[in-house]
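So you can see what is in the structure, the chains are spelled out below.
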Amino acid sequence: MQELNSADREYLLNTIRNIPDFPKPGIEFKDITTLLNNKKAFKFLLDHLEARYKPYNLDFIAGIDSRGFIFGAPLADRLGIGFVPIRKQGKLPYTTIGEKYALEYGFDEIEVHIDAFKCQKASADVLLIDDLIATGGTAKAAANLVNQAGANCVEACFLINLTFLEGDKELKEKTTVYSVLEIN
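Residues numbered from 1 in each chain as written. Predicted model: local features only at pLDDT ≥ 70, side-chain atom pairs only at ≥ 80, totals over all residues. Heavy atoms only, no water.

Caption draft 1: Region of the structure containing the overall build of the chain. Scanning the chain for helices and strands turns up six helices and nine strands. Its C-alpha atoms give the chain a radius of gyration of 16 Å, near enough to 16 Å, the size a compact globule of 184 residues would have. Its C-alpha atoms give the chain principal-axis dimensions of about 40 × 40 × 30 Å. In the chain, buried positions account for 45% of the 184 residues. Within the chain, contacts between residues separated by at least 24 positions form 57% of all contacts whose residues are at least 6 apart in sequence. Accessible area for the chain stands at about 9,700 Å²; split by element, carbon and sulfur atoms hold 49% of it. (Helix = DSSP H or I, 4+ residues; strand = E, 2+ residues; numbered from the N terminus. Rg over C-alpha atoms; globule rule 2.2 N^0.38 Å. Buried < 20%, exposed > 50% of the residue type's maximum accessible area, 1.4 Å probe, protein only. Contact = heavy atoms within 4.5 Å. Areas by Shrake-Rupley, 256 points an atom, 1.4 Å probe, with all protein chains shown as cover.)

Right under this line is the structure:
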């Protein structure tokens, strides 16, 4: 499995802008828009992900609403496979299955089309992708959805893992987790 060396990780990390005290005091927001609008950095990231996931022989990439779409759709195109959006409740037009997950104050729900992972095989191999994993609630719910839809979530991939929040801990019980960048 291909991973970036420390110099390449540092290069990508330096293309991400830090915004102090956003969205509230004490939080340092990782603004990926500066990586996305840097054509060299974005291509570098997609080249890396393509090289990493080519040998997996995936059937689909499932991107978590909404920033997972930014990485998932172009990567699916590069790999010649389908892309499946995992959306917030009520955003998909066809029959869906949903998964609730806990928030700091309450619950939210994500959904996927019931037939999203139809393919020639009995069980599609799916890569789950998003920009960031923090507390892990959404990612865990998304991995559950992939499996409930009859597919196999072979790995969950994130551009950034905020490791100090340990959001990947429970997710690792369900699937392998790969983070391009880890922030302690």
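On we go.
Caption draft 2: Expanded view of unusual backbone geometry. Between Phe-22 and Pro-23 the backbone carries a cis peptide bond, its omega angle lying at 5 degrees. Mapping Pro-23 onto the fold places it in the loop between strand 1 (17-20) and strand 2 (28-31). Backbone torsion omega between Asp-65 and Ser-66 reads 0 degrees, so that peptide bond is classified as cis. Relative to the elements of secondary structure, Ser-66 occurs in the loop between strand 3 (60-64) and helix 4 (67-79). One non-glycine residue, Asp-21, adopts positive backbone phi at about 60 degrees. Mapped onto the secondary structure, Asp-21 falls in the loop between strand 1 and strand 2. For Glu-166, which is not glycine, the phi dihedral falls at a positive 55 degrees.

Caption draft 3: Up close: helix 5 (residues 137-148). Helix length check: helix 5, at 12 residues, gives a terminal C-alpha distance of 16 Å against a target of 16 Å (1.5 Å per residue), a fit within 8%. Residues of helix 5 that are buried include every one of Ala-139, Ala-141, Ala-142, Ala-143, Asn-144, Leu-145 and Val-146, and no others. Phi turns positive one or two residues past the end of helix 5, at Gly-150, with a value near 90 degrees. (Expected span 1.5 Å × (residues − 1).)

Caption draft 4: Just the side chain of Asp-59, in detail. Tracing the chain through its elements places Asp-59 in the loop between helix 3 (39-53) and strand 3. Reaching out from Asp-59, the side chain makes a polar contact with the backbone nitrogen of Asp-125 at a distance of 2.8 Å. (Polar contact = N/O pair within 3.5 Å; in protein donor to acceptor, adjacent residues only side chain to side chain.)

Caption draft 5: Local environment of the pairing of strand 6 (residues 106-113). In this sheet, strand 6 lies alongside strand 4 (residues 82-88) in antiparallel orientation, the contact comprising two bridges. Within strand 6, the residue paired with Arg-87 across the bridge is Glu-111. Where strand 5 (residues 96-103) meets strand 6, eight bridges bridge the pair, whose relative direction is antiparallel. Its bridge partner being in strand 6, Tyr-101 is matched across the sheet by Asp-108. Counted along the chain from strand 5 to the antiparallel partner strand 6, the turn is two residues long. (Pairing = 2+ DSSP bridges.)

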